[in-house]
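Each chain, written out:
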Amino acid sequence: TFWGFNIRNKLDAIETTIQHLILAGSTTNPNALVTTGAHQTTIGGNEDGLISLMTKSRVVQWTSFLGGSNEERMHQIQFYQGHLYLLGSTLSNNLSATSGKFQTTNNGLRDALAAKFNLNGSLKWLSYMGGNDIDWPFFLKVINGNIYIAGYTYSSNNIATPGAYSPIKGNF
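In every chain, residue numbers begin from 1 and rise along the written sequence. Under the rules for a predicted model, residues below a pLDDT of 70 receive no local features and side-chain atom pairs below 80 are neither given nor counted, while totals for whole chains, interfaces and linings still include all residues. Heavy atoms from the whole structure form the basis of all side-chain values; hydrogens and water molecules are not counted.

Draft legend 1. A look at the overall build of the chain. A tally of regular secondary structure across the chain gives zero helices and 10 strands. Secondary structure elements of the chain occur, N-terminal to C-terminal, as β-β-β-β-β-β-β-β-β-β. With the C-alpha coordinates aligned to their principal axes, the bounding extent of the chain is approximately 50 × 35 × 25 Å. Taken across its 172 residues, the chain has 44% of its residues classed as buried. Here, two residues are considered to be in contact whenever any of their heavy atoms come within 4.5 Å of each other. Excluding contacts between residues fewer than 6 apart, the proportion of contacts in the chain whose partners are at least 24 apart in sequence is 50%. Of the roughly 9000 Å² of accessible surface on the chain, a fraction of 51% belongs to carbon and sulfur atoms. Each charge class in the chain was averaged separately, 11 positive and 9 negative side chains, and the resulting centres sit 9 Å apart. The helix and strand labels rest on DSSP assignments: H or I over at least four residues marks a helix, E over at least two residues marks a strand, and numbering proceeds from the N terminus. Three labels apply to residues, based on accessible area from a 1.4 Å probe with only protein chains included: buried if under 20% of the type maximum, exposed if over 50%, partly exposed otherwise in between. Using the Shrake-Rupley algorithm and a 1.4 Å probe, accessible areas are obtained, with residue cover drawn only from the displayed protein chains. By the counting rule applied here, Lys and Arg register as positive and Asp and Glu as negative, while His and the ends of each chain are not counted. Charged groups are reduced to one reference atom each: NZ for lysine, CZ for arginine, CG for aspartic acid, CD for glutamic acid.

Draft legend 2. Fine view of the pattern of salt bridges. We count a salt bridge whenever a side-chain nitrogen from Lys or Arg sits within 4 Å of a carboxyl oxygen from Asp or Glu. Applying the stated criterion to the full structure yields four salt bridges. Notably, a salt bridge pairs Lys10 with Asp12, separated by 2.6 Å at the nearest N-O pair. Look at Lys10 and you get partly exposed, because its relative accessible area is 35%. Residues joined by salt bridges that share partners form a network here, namely Glu47, Glu71, Arg73 and Arg110.

Draft legend 3. Expanded view of the confidence of the model for the chain. In the predicted model, the chain carries a mean pLDDT of 88, and the fraction of residues at 70 or more is 92%. You can read pLDDT as the predictor saying how much it trusts each residue, on a scale of 0 to 100. For the chain, the element scoring lowest by mean pLDDT is strand 1 (residues 9–16), at 86; strand 6 (residues 83–90) scores highest, at 97.

Draft legend 4. Representation of a nonpolar patch on the surface within the structure. Residues enter patches when they are more than 30% accessible in relative terms and free of salt bridges; like-charged ones are connected within 9 Å and nonpolar ones (Val, Leu, Ile, Met, Phe, Trp, Tyr) within 5 Å. Taken together, the side chains of Phe138, Phe139, Ile143, Tyr148, Tyr152 and Tyr154 define a hydrophobic patch exposed on the protein surface, amounting to about 620 Å² of accessible area. Breaking the nonpolar patch down by element, the ones donating at least two residues are strand 9 (135–143) and strand 10 (146–153). In terms of residue count, strand 9 provides more of the nonpolar patch than any other element does, three residues in total. With respect to the element layout, Ile143 can be found in strand 9. On the accessibility criterion, Ile143 (40% relative accessible area) is partly exposed.

Draft legend 5. How the structure looks around the sheet that holds strand 1. Here we have four strands laid out as an open sheet, ordered 1-2-3-4, and antiparallel in their pairing. Each of the sheet's edge strands pairs with one partner strand only, and the pair in question is strand 1 and strand 4 (60–66). With strand direction ignored, the average angle separating the axes of adjacent strands in the sheet is 15°. Alignment of strand 2 (residues 20–27) against strand 3 (residues 48–55), held across eight bridges, turns out to be antiparallel. Bridged to Gly25 within strand 3 is Leu50. Here the rule is simple: two strands pair whenever DSSP picks up at least two bridges between them. Here the axes come from fitting lines to C-alpha atoms, over the contacting stretch only for helices, and the angles between their N-to-C directions go from 0 to 180 degrees.

Draft legend 6. Fine view of the sheet that holds strand 8 (residues 123–129). Here we have four strands laid out as an open sheet, ordered 5-6-7-8, and antiparallel in their pairing. With partners counted over all chains shown, the strands left at the sheet margins are strand 5 (72–80) and strand 8, one partner each. Taking the axes of each pair of neighbouring strands and ignoring which way they run, one obtains an average angle of 15° across the sheet. Examined bridge by bridge, strand 5 and strand 6 share eight bridges and lie antiparallel to one another. Bridging from a neighbouring strand, Tyr80 pairs with His83 of strand 6.

Draft legend 7. Structural view of the packing of aromatic side chains. Working definition: a ring pair exists when centres of Phe, Tyr or Trp rings (six-membered ring for Trp) sit within 6.5 Å. Plane angles under 30 degrees give stacked, over 60 give edge-to-face, the rest tilted. Taken as a whole and judged by the stated rule, the model has five aromatic pairs. On the basis of an interplanar angle of 35° and a centroid distance of 5.6 Å, the ring pair of Phe138 and Tyr152 is categorised as tilted. Of this pair, Phe138 sits in strand 9 while Tyr152 is found in strand 10, placing the two residues 14 residues apart along the sequence. By relative accessible area, Tyr152 is classed as partly exposed at 37%. Members of the aromatic cluster, joined through ring pairs, are Tyr80, Tyr85 and Trp125.

Have a look at this one:
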């Protein structure tokens, strides 16, 4: 199965379930095969995240952009209890972050982003995660409903939570 055209499409993550094949990555292609009724049907910036849910026989259920006015990349995806959890990075300041989540604005140059979709392709929530500089996520794991994220940071603020092992950068 091809996933894209002759314009940059990058596949970064694959997840499988008993019934589904889930793909996540990024694209600069404004004509990517996004499905009607998807969460985001038009590219938002110069590069957006791209997520596809297919059946095991490779029939596309839905494909959506995920991005703001600048650049987004999807790095990890995990299926857990009927939902898709995505981990990516963003340079945009205008993603549809959900109030009440960890962080609703981009605080630096590049922030991590985490999002949750249901199997119908509806965005349940999205949160920025980052400080005053570059924050790059690499690892996502959902265990018993708890979300674990790891990566690296150049930020000196807004990263560690209270009670963290090393709440100050360079203290590890």
